[in-house]
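What follows is the residue order along each chain.
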Amino acid sequence: MSTTITLTRGELLTRVGLPGGRGRLRFGALRTGVVRTMVNPTGEAPAGSCVPNRRAPLDRRAPASSLEVLLRFAAATEEMAAARGQLAFSAGRFGPMTVAETSRHLLTVFAQGPNSDVLPYWKMAALIRPLARFAAPGAESGLALDLPARLLEQEFGHGRVARFEDVDFPAPLTHEPTRRFLTGTGLPEDDGHFQLDTEIPLPTLAEYCAEEDTATELPQGVADLIRLGCLTEGNSLVLDGRTGTIFVWNEPEATLHRLNTDVSTLAFTLWLLRRAKTIDFEAEAGKVR
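Residues numbered from 1 in each chain as written. Predicted model: local features only at pLDDT ≥ 70, side-chain atom pairs only at ≥ 80, totals over all residues. Heavy atoms only, no water.

**Some thoughts on the environment of F134**
Rules: A run of DSSP states H or I qualifies as a helix once it reaches four residues; a run of E qualifies as a strand once it reaches two. Both are numbered from the N-terminal end. Three exposure classes are used, based on accessible area relative to the maximum for each residue type with a 1.4 Å probe and protein chains only: buried under 20%, partly exposed in between, and exposed over 50%. Note on contacts: a residue pair is in contact if any heavy atoms of the two residues lie within 4.5 Å.
For F134, the location among the structural elements is in the loop between α4 (120-128) and β1 (136-137). With a relative accessible area of 13%, F134 lands in the buried category. As for F134 and L147, which are separated by 13 residues in sequence, their C-alpha atoms are 7.5 Å apart. Non-local contacts of F134, meaning those with residues more than four positions away in its chain, are made with F94, G95, P96, V99, P148, L151, F268 and W271.

Below is the structure:
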């Protein structure tokens, strides 16, 4: 014999609660007593902002039809990120099949209830957030991620992913996992965000600046830095040949900022950005590949 327990809206907040504040959805303001600006007497979660003294954008649609629905959507999204609860089936699993199953499950959860008109935000969450499960944590490669075979070719197209040979590497590139990745998996030649140098062997940053006759102060440890290509005008993507870390070198300001852990996370970031732009949410919601 099963018993159904129904909580009031007040009990939903006091006994169940809402996620504390990771990602796009943040509910920390509930602790300060501004819940009255979020939830009206009918339980509907309005579209207006919950920040005091800020005009609410009244022309926007509510994020959910009620507090209960908002709680259910947020909880399902968090379960996806942690691979627990109803989405525990994805724990330890990676690849296209896991991504498709997770997306379909989230879309089904979001479509449940009397009002199945799911906002684009939740469709995007169901289609984009599971993409993180394409790549497994690095074990075999020695890098941060183990990317599926042919992942980049399938997205960027055959012949648009460049691989290097040992003769293309300058002497400072001693990080073996990075060398294996660049020769085996490679990087996209041009994805709109990053343009890879492919016409000449990879230069060190010092060699590049000398060749371009760039009068700028080079950063400390420049001997280990290798230029991979161009991000935006005046910004180069550089690799620490000793550790594999990826940096952005801003030439006008002569500054060096860390961008990615290594080439695997760089490649996966470029793949995610391109994949997200190619999703037609209206057409693909409900029929995820």
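After that view of the structure, there is still more to cover.
**Topic: the nonpolar core**
Generally speaking, soluble globular proteins have nonpolar side chains that are buried together. Note the threshold: For our purposes a nonpolar core is just a set of buried Ala, Val, Leu, Ile, Met, Phe, Trp, Tyr and Cys residues, chained together by side-chain atoms within 4.5 Å.
Core analysis: the biggest nonpolar cluster contains 49 residues, and F110, L147, L187, L228 and F268 have the highest contact counts within it. Top contributing element to this core by residue count: helix α8 (residues 263-278), with six residues. Beyond its immediate stretch of four places on either side in the chain, L147 contacts A135, F181, S264, A267 and F268. In terms of nonpolar packing, the next biggest core, distinct from the first, is built from eight residues, Y208, V222, V238 and W249 among them.

**Structural notes on the pattern of salt bridges**
Our working rule: Every case where a carboxyl oxygen of Asp or Glu lies within 4 Å of a side-chain nitrogen of Lys or Arg is listed as a salt bridge.
Enumeration over the complete set of coordinates arrives at six salt bridges. Measuring nitrogen to oxygen at the nearest pair gives 3.2 Å for the salt bridge that ties E101 to R93. What makes E101 partly exposed here is its relative accessible area of 25%. A residue is classified by how much of its surface remains accessible, and R93, at 29% relative accessible area, is partly exposed.

**Comments concerning the sheet that holds strand β9 (residues 255-260)**
The following threshold applies: The pairing criterion for strands is at least two bridges between them, as found by DSSP. Geometry is summarised by axes, namely lines fitted to C-alpha atoms with helices restricted to the contacting stretch, and by angles between N-to-C directions that run from 0 to 180 degrees.
In space, the five strands of this open sheet follow the order β5-β6-β7-β8-β9, with antiparallel pairing throughout. With one partner strand each, in any of the chains shown, β5 (195-196) and β9 form the two edges of the open sheet. In terms of strand pairing, strand β6 (residues 225-230) meets strand β7 (residues 235-240) through five bridges, oriented antiparallel. Each bridged residue has a counterpart across the sheet, and for L225 the counterpart in β7 is D240. Relative to β9, α8 is tilted by about 75 degrees, and along the sheet it contacts β6, β7, β8 (246-250) and β9.

**Here's the deal with the packing of helix α2 (residues 67-82) against helix α3 (residues 96-111)**
Applied cut-off: The scheme is simple: roughly parallel for angles under 35 degrees, roughly antiparallel for over 145, roughly perpendicular for 65 to 115, oblique for anything else. Three residue categories are used. Nonpolar comprises Ala, Val, Leu, Ile, Met, Phe, Trp, Tyr, Cys and Pro, charged comprises Asp, Glu, Lys and Arg, and polar comprises the others, including Gly.
Interhelical geometry of α2 versus α3 gives an angle of 170 degrees and a closest axis separation of 10 Å. Considered as vectors, α2 and α3 are oriented roughly antiparallel to each other. Along the contact surface, α2 presents R72, F73, A76, T77 and M80, while α3 presents T102, L106, V109 and F110. Here the contact of α2 with α3 is composed, by residue class, of six nonpolar, two polar and one charged.

**Let's talk about α8**
Stated precisely, the cut-off is as follows: By this rule, a helix spans an expected 1.5 Å times one less than how many residues it contains.
The end-to-end C-alpha separation of α8 is 23 Å, in line with the 22 Å expected for 16 residues at 1.5 Å each. For α8, the set of buried residues is V263, S264, T265, L266, A267, F268, L270, W271 and R275.

**Considering the packing of aromatic side chains**
Under the convention used in this document: Note on aromatic pairs: the rings of Phe, Tyr and Trp (six-membered ring only in Trp) are paired at centre separations within 6.5 Å, and the planes decide the class, stacked below 30 degrees, edge-to-face beyond 60, tilted for the rest. Put simply, a charge is over a ring when the Lys NZ or the Arg CZ is close to the ring centre, within 6 Å, and near the line of the ring normal, within 35 degrees.
Under the definition given, this model contains six aromatic pairs. Taking 4.7 Å as the distance between ring centres and 70 degrees as the angle between the ring planes, the aromatic pair formed by F134 and W271 counts as edge-to-face. With F134 in the loop between α4 and β1 and W271 in helix α8, this residue pair connects regions lying 137 residues apart in the sequence. Plain terms: the ring middles of F164 and F169 are 6.2 Å apart, the flat faces sit at 35 degrees to each other, and that makes the pair tilted. For F169, a relative accessible area of 10% gives the class buried. Counting every residue linked through ring pairs, the aromatic cluster contains F73, F110 and W122. It is R227 that lies over the ring of Y208; its NZ or CZ is 3.9 Å from the centre.

Bear in mind that shape data such as this cannot, by itself, settle questions of function.
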